[in-house]
Amino acid sequence: GLIRRGAETMLASRLRLGKNVLRTSTTSLRAMSTPRLTESTLNKKVVEAEYAVRGAIVLRGMQHEEALARGEKRPFTKMVFCNVGNPQQLQQKPITYFRQLLALMDYPEMIDNPPSMFPSDVVARAKKIMARAPGGTGAYSESKGLKVLREDVAAFIETRDGVKADPERIFLTDGASQGVNVALNCLIRDRNDSIMIPIPQYPLYTATIALLGGHYSPYYLNEENGWSMDIAELERSAAQAKKDGKCLRALAVINPGNPTGQCLRCKCLCSVLLLCMGATLPDSASGEPHAQQQQQQQQ
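About the criteria used
- Residues numbered from 1 in each chain as written.
- Predicted model: local features only at pLDDT ≥ 70, side-chain atom pairs only at ≥ 80, totals over all residues.
- Heavy atoms only, no water.
- Salt bridge = Lys/Arg side-chain N within 4 Å of Asp/Glu carboxyl O.
- Buried < 20%, exposed > 50% of the residue type's maximum accessible area, 1.4 Å probe, protein only.
- Helix = DSSP H or I, 4+ residues; strand = E, 2+ residues; numbered from the N terminus.
- 1 Å grid on protein atoms, 1.4 Å probe; cavity = no way out; pocket = protein on both sides within 12 Å on 5 of 7 lines; lining within 4 Å.
- Points joined across faces, edges and corners; volume = space filled by probe spheres on them.
- Nonpolar A, V, L, I, M, F, W, Y, C, P; charged D, E, K, R; others polar.

Colleague: Quick question: what am I supposed to make of the pattern of salt bridges here?
Modeller: Any two side chains of opposite charge can pair, so long as their charged atoms come close to each other. Scanning the model with the defined rule gives 14 salt bridges in all. Linking R74 and E72 is a salt bridge whose minimum nitrogen-to-oxygen distance equals 3.6 Å. Assessed through its relative accessible area of 33%, E72 is described here as partly exposed. With a shortest N-O distance of 3.3 Å, R125 and D152 are connected by a salt bridge. In this pair, R125 sits in helix α5 (residues 120–132) while D152 sits in helix α6 (residues 147–161), placing the two residues 27 residues apart along the sequence. One salt-bridge network, held together by shared partners, links E142, K144, K147, R150 and E168.

Here's what the structure looks like:
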């Protein structure tokens, strides 16, 4: 009896202690808690990031579209959204080959007995990929992308450029934006790191740089000359960054231009490479190289 009463007393004491600890922990958590999530308590970098591609103009356009659907009158009868690269919305037909290949890979049971609408080269390609990716499209792959696809990319580069490419040094991303995001995450360390970007630009760059707490150094495209890139303007931007105490980490070149649509000439791109390498630049902004620089460019 004494043993039982002693055990009960000990258990009751532990229960009281547990309640006190719980009460103290709850009080401490309340003291440590922050106000509910509002714009004022959000990460400041998120608030500062601007992404006009899906901003106020697009939201206003969606309101017009909904109003038209309700039968309300507008000075127009249809909305065409041009804020993102969506060629199918502008009635451009998708490339059949890609759709057929994806269809077979999404439903691999059709590969061995494909409907007549699937050409033999599509079926052969699907078999090749699936043999190296048994999990299909719904499974995780290597972080760099399926090796069989990276090998195809390497072979294409070698055929096109005559330069041997290593599949292990090729990284595939789900869109260019993801690739830019990964690169900027690796480059930006703090507010003193700056990225040179063109203006006008696709707002992915300014938004991502803001989210990462970095800085951007703008260089302005020459509208009078078809939105071309001016080497003197690049030098001005770089000099300003240095004057401001910024560490230039990268130069972003958008080619073809977005949203300007221009394609930079090869000579201009060579001049940009020489600038980044710290070499002497051509005399003119058009990118005409000196004779002694041609060998550097070929290398």
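Colleague: Any chance you could explain the layout of surface pockets here in plain terms?
Modeller: It is the rolling of a water-molecule-sized probe over the atoms that shows where space remains empty. For the largest pocket, the calculated volume is near 580 Å³. What lines the largest pocket is a set of 23 residues, and nearest its centre among them are L102, M105, I129, L146 and L149. Going through the elements one at a time, α4 (96–106), α5 and α6 are the ones with two or more residues in the lining of the largest pocket. With six residues, α4 is the largest single contributor of residues to the lining of the largest pocket. Split by residue class, the lining of the largest pocket holds 15 nonpolar, four polar and four charged. Looking at the second largest pocket, its volume works out to about 280 Å³. Forming the walls of the second largest pocket are 14 residues, and the residues nearest its centre are E48, E50, T206, A210 and Y216. At the level of secondary structure, the elements contributing two or more residues to the lining of the second largest pocket comprise α8 (204–211) and β2 (215–220). A breakdown of the residues in the lining of the second largest pocket according to their chemical character gives seven nonpolar, four polar and three charged.

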